[in-house]
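Residues per chain, in single letters:
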Amino acid sequence: MRGLKYVHTANVYHRDLKPKNILANADCKLKICDFGLARPAFQDSGPTTIFWTDYVATRWYRAPELCGSFFTKYTPAIDIWSIGCIFAEILSGRPLFPGKNVVHQLEIITDLLGTPKPEITAKVRNEKARRFLANMRVKPKIPLSQRFPKAAPGALAILDKLLAFDPDERPTAEEALADPYFANLADPAREPAAEVISRDEYAFESKKVTPEEVRELLYLEILEYHPQAKREHHGGERASNFTYPSGASGVTADFLAAEAAAEGAGGVGGGGNGAGGVKREWARSQSLPKESVNAYRDEAAAFVSGAGALKRYDSIAADGSGGSGGNTKSDMVDMLDEAAAMSLDDKELAAAAEEARQLMEENSRVRR
């Protein structure tokens, strides 16, 4: 709620709050993430269904006013509803409204909250949605204590407010923080409000950019994580020996020339060291856990041995033609790349390269 207060006072709606987008560490410190669907609501023009899609938020956490274009304008109350769904999931250990589609979503929402009153239905501006609600069979509201028998009364009291069918009846994040449920936790000094965001901050959304400009923006974003390279890029310091792509062209001519030279001098078939002339600077990666290495080796062993295995001369041709299996020395490079991706140490990687070299020599003898 503290984070949501800050976001909403900036006139920004998150629009995709769900458990997956609420990060927590061992100290129970929370962070709201994934603002990919977030949008600002400028004071002179609120969000409308014309300019803002209603198909936001994962369905299970989507407010009822988003389920059928109920309202021409929607408010920060859509995020409050999502927080209510998350809170209910904490209380019960399972999603509260796991709808299979929009109609089913509305059905299970009204199964718990009851059919909306006529005065609430009258606020719905979408005629089809209004008819749907008006024709729905009358359902009574189920007491939350019946659905959550082990929850504290204070928890159920605020949950009831967060899950109000009418968005006007839901509290703001600031009002929710003042609820008695948070009496021992709320602290206005730790609940700052944000400045209202300006139109200039979101001007990029209305600007059409070329692929080259996108590359430049991506490169500048990357430089934020590499201060030394950023200073060099802006001409603030003497350049280091490290060659990195330029933001304007994607990759510099020098970078491409260096890659080409490396391939020619020590690349595949270039007479370099390692498996069949393979000479590369193997990248370190943490893509797969260490325990995956043994499984990879077992799979490789099954591939080259046993009753159902391919013959070696069918799988890798020593002359680079690919043999009947279509594999070439470049496949060895790919295999070593996969090994590097598993975070092999230098000793293990050297052993893999030696095995590859011996395999190719044996294939060469078989073909002769």
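Residues numbered from 1 in each chain as written. Predicted model: local features only at pLDDT ≥ 70, side-chain atom pairs only at ≥ 80, totals over all residues. Heavy atoms only, no water.

S.K.: Would you mind showing me how to read the overall build of the protein here?
M.R.: Looking only at helices and strands, the protein has 16 helices and four strands in total. The buried share of the protein, reckoned over its 368 residues, is 34%. Sequence-distant contacts in the protein: of pairs separated by 6 or more residues, those separated by 24 or more amount to 63%. (Helix = DSSP H or I, 4+ residues; strand = E, 2+ residues; numbered from the N terminus. Buried < 20%, exposed > 50% of the residue type's maximum accessible area, 1.4 Å probe, protein only. Contact = heavy atoms within 4.5 Å.)

S.K.: Help me understand the packing of helix α3 (residues 77-92) against helix α8 (residues 153-162), please; the structure alone is not making it clear to me.
M.R.: The packing of two helices is summarised by the inter-axis angle and the distance between the axes. Packing of α3 against α8 leaves a shortest axis separation of 8 Å and a crossing angle of 145°. The two elements α3 and α8 cross, and the hand of that crossing is left-handed. Residue-level contacts link Ile 80, Trp 81, Ile 83, Gly 84, Phe 87, Ala 88 and Leu 91 of α3 to Ala 155, Ile 158, Leu 159 and Leu 162 of α8. (Axes fitted to C-alpha atoms, helices over the stretch in contact; angles between N-to-C directions. Left-handed = near helix turned anticlockwise from the far one by under 90°.)

S.K.: Just to check I follow, could you spell out the pattern of salt bridges for this structure?
M.R.: Opposite charge on two side chains permits pairing when their charged atoms draw close. All chains considered together, the criterion is met by ten salt bridges. Between Lys 139 and Glu 107 there is a salt bridge whose closest N-O contact spans 2.7 Å. With a gap of 32 residues between them, Lys 139 in the loop between α6 (127-135) and α7 (144-147) and Glu 107 in helix α4 (residues 102-113) connect regions that are remote in the sequence. Its relative accessible area of 28% is what places Glu 107 among the partly exposed residues. As a salt-bridge pair, Asp 111 and Lys 139 come within 2.7 Å of each other at their nearest N and O atoms. With Asp 111 in helix α4 and Lys 139 in the loop between α6 and α7, this residue pair connects regions lying 28 residues apart in the sequence. By relative accessible area, which is 36% here, Asp 111 ends up partly exposed. (Salt bridge = Lys/Arg side-chain N within 4 Å of Asp/Glu carboxyl O.)

S.K.: I would appreciate a short explanation of α4 in the present structure.
M.R.: Given 3.6 residues to a turn, an α-helix orients residues that are three or four positions apart in the same direction. Spanning twelve residues, α4 covers 16 Å between terminal C-alpha atoms, matching the ideal 16 Å at 1.5 Å per step. Those residues of α4 not exposed but buried are Gln 105, Leu 106, Ile 108, Ile 109, Thr 110, Leu 112 and Leu 113. For α4, the elements touching its buried residues are α2 (64-67), α3, α6 and α7. Where α4 begins, the capping side chain belongs to Asn 101, and its oxygen is found 3.2 Å from the backbone nitrogen of Val 103. With its phi angle positive at about 85°, Gly 114 sits one or two positions after the end of α4. (Expected span 1.5 Å × (residues − 1). Polar contact = N/O pair within 3.5 Å; in protein donor to acceptor, adjacent residues only side chain to side chain.)

These results come straight from atomic positions and should not be treated as a statement about function.
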